[in-house]
Amino acid sequence: MPEEQEITRTIKKKINNTADFFKKSGYMSSSRPSVGWFCTYTPEELIIAGGFTPVRIFGRNKISRSESYFPINFCPYVKASWEGFLGDSRDFEGLIFTNSCDGMRRFFDIARRYLNDVPSHLLDIPHLKNKESLDFFAGNIKDTKIFIEKLRGKKITGSEIENAAAVVNNKRQLLKELQGFIRKFPHILNISTYYKIMELALVSDPESFLDDIRKYLDFLKKVTDENSSHLKTDLKKYPPIMIIGSFIAETKLWEILTEMDVRLAFDDLCTSGRYFENPIKLDKSKNLIESIASGYLNKPQCMRMADLGFKFSEIKNNIINNDIKGVMFMGLKFCDTMLYPFSTLKKELSDMGIPVLYLEIEYNNFSEGQIKTRMQAFLEML
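Residues numbered from 1 in each chain as written. Predicted model: local features only at pLDDT ≥ 70, side-chain atom pairs only at ≥ 80, totals over all residues. Heavy atoms only, no water.

A.B. asks: Would you mind going over the packing of aromatic side chains in detail, with residue names and values included?
C.D. replies: As enumerated under the stated definition, the model contains 26 aromatic pairs in all. For the ring pair Phe38 and Phe85, a centre distance of 6.4 Å and an interplane angle of 65° mean the geometry is edge-to-face. With Phe38 in the loop between β1 (34–37) and α2 (44–49) and Phe85 in helix α3 (residues 76–87), this residue pair connects regions lying 47 residues apart in the sequence. Each member of the pair Phe38 and Phe85 is classed as buried. (Phe/Tyr/Trp six-rings, centres within 6.5 Å; stacked < 30°, edge-to-face > 60°. Helix = DSSP H or I, 4+ residues; strand = E, 2+ residues; numbered from the N terminus. Buried < 20%, exposed > 50% of the residue type's maximum accessible area, 1.4 Å probe, protein only.)

Written as structure tokens, this is what we have:
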């Protein structure tokens, strides 16, 4: 038994040392110019097809000067992102915003007014999923394509879009495989490692990231196959949970969750599940832009969409299919988009016998002790 425990510890240490595998990946690691984006409804395919590296803005800066641009009860992610641009915005050739919420629309207004050296574009996203919405969204994506072409200085071809779509779909598929590993080996692959890799997927040069994650997944498959007898564990010791939220990118939060005996059986976040679920299929019988619009509009939907009944059904199906025992619902402070549907969702899940914990996260500034205590108390119920 001590020998098996030592083998497990050694393997776990190697698996969670991502620096040994993701050597090419990283923020602004690409030699190509970058275009910043803020929402998973943004078509990365067009950014890549235009010759740019799509970089999701994470807003790691502590809020200081940005307080003078926004109300005090305003999205902390927006403020943290704007704080970074106030420091230096020269890393980006352009920025693509969306009207995903009122905070993001105001963010676009501020950037267009004060960030004169970086072109900004607003992608308008419908709140419904029907024929009219699809046509509307396709037209708006076409405008986004024109914006990227202006940055580039020439047209984007159909073959460039197809090649870019293949790259992004490969990334989605490999991230889905990674999700499978954390479900199967919760005692080996840390939740913090899982989300660290998810972040790298959103900020790295796509081809470089693909090389790195393929090597990483090959290592995971090899080491778990060769040591299957040593890595066996009773999964009943790790209650399966589901995490639901918007843009949650708190390293300390994931580290706290890693310390607990829990299995991340499914996650529905902008930075994970909603990003890689449902690869975009380019329909040869349709216009490429229409295919992209259809793919993004019909992926796992955000709470911003009007048909919350559909979203609730989506969540409940994932709970049943993954035998979820508890749900952690996470929202940023002052995020009405997440707070508004919570009470209804909580009631519906309560009717299913599924306990729910609501965590309000103040971006870059949450109380670790309080969050940890609430998580521990919640998990003891499961």
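Having seen the model, we can carry on.
A.B. asks: An account of the nonpolar core is needed here, citing residue identities and associated values.
C.D. replies: Soluble, globular proteins show a tendency: their nonpolar side chains are buried together. Ranked by internal contacts, the top residues of the largest apolar core, which has 130 residues, are Ile243, Trp254, Leu257, Met328 and Met375. Sequence-distant contacts of Met375, defined by excluding residues within four places in its chain, comprise Leu253, Ile256, Leu257, Met260, Met328, Met330, Leu357 and Leu359. (Core = buried A, V, L, I, M, F, W, Y, C linked by side-chain atoms within 4.5 Å. Contact = heavy atoms within 4.5 Å.)

A.B. asks: So, the environment of Pro71: which residues are in play, and what are the values?
C.D. replies: The residue Pro71 is located in the loop between β2 (53–56) and α3 in this model. Residue classification places Pro71 among the partly exposed residues on the basis of a relative accessible area of 43%. Sequence separation of Pro71 and Leu269 is 198 residues, and the distance between their C-alpha atoms is 26 Å.

A.B. asks: Which residues make up the pairing of strand β3 (residues 92–98), and what values go with them?
C.D. replies: When you tally the buried positions in β3, you get 6 out of 7 residues, the bulk of the element. The sheet contact formed by β1 and β3 spans 4 bridges and is parallel. Each residue of the ladder has a partner; that of Val35, found in β3, is Gly94. Of the pairings in the sheet, the one linking β3 to strand β4 (residues 120–123) comprises 4 bridges and is parallel in character. (Pairing = 2+ DSSP bridges.)

A.B. asks: Can you tell me about the sheet that holds strand β7 (residues 326–332), naming the residues and giving the values?
C.D. replies: Neighbouring strands of a sheet are bound in pairs by backbone hydrogen bonds; such pairs are parallel or else antiparallel. Taking strand neighbours across the sheet as the criterion, the 4 strands line up as β6-β5-β7-β8 in an open arrangement whose pairing is parallel. Looking at strand neighbours, the two that pair on one side only are β6 (263–268) and β8 (356–361), the edges of this open sheet. Pairs of neighbouring strands in the sheet enclose a mean axial angle of 20°, with direction left out of account. With 5 bridges joining them, strand β5 (residues 240–245) and β6 adopt parallel strand pairing. Within β6, the residue paired with Ile244 across the bridge is Asp268. Across the sheet, helix α14 (residues 368–381) touches β5, β7 and β8, and the angle it forms with β8 is around 170°. (Axes fitted to C-alpha atoms, helices over the stretch in contact; angles between N-to-C directions.)

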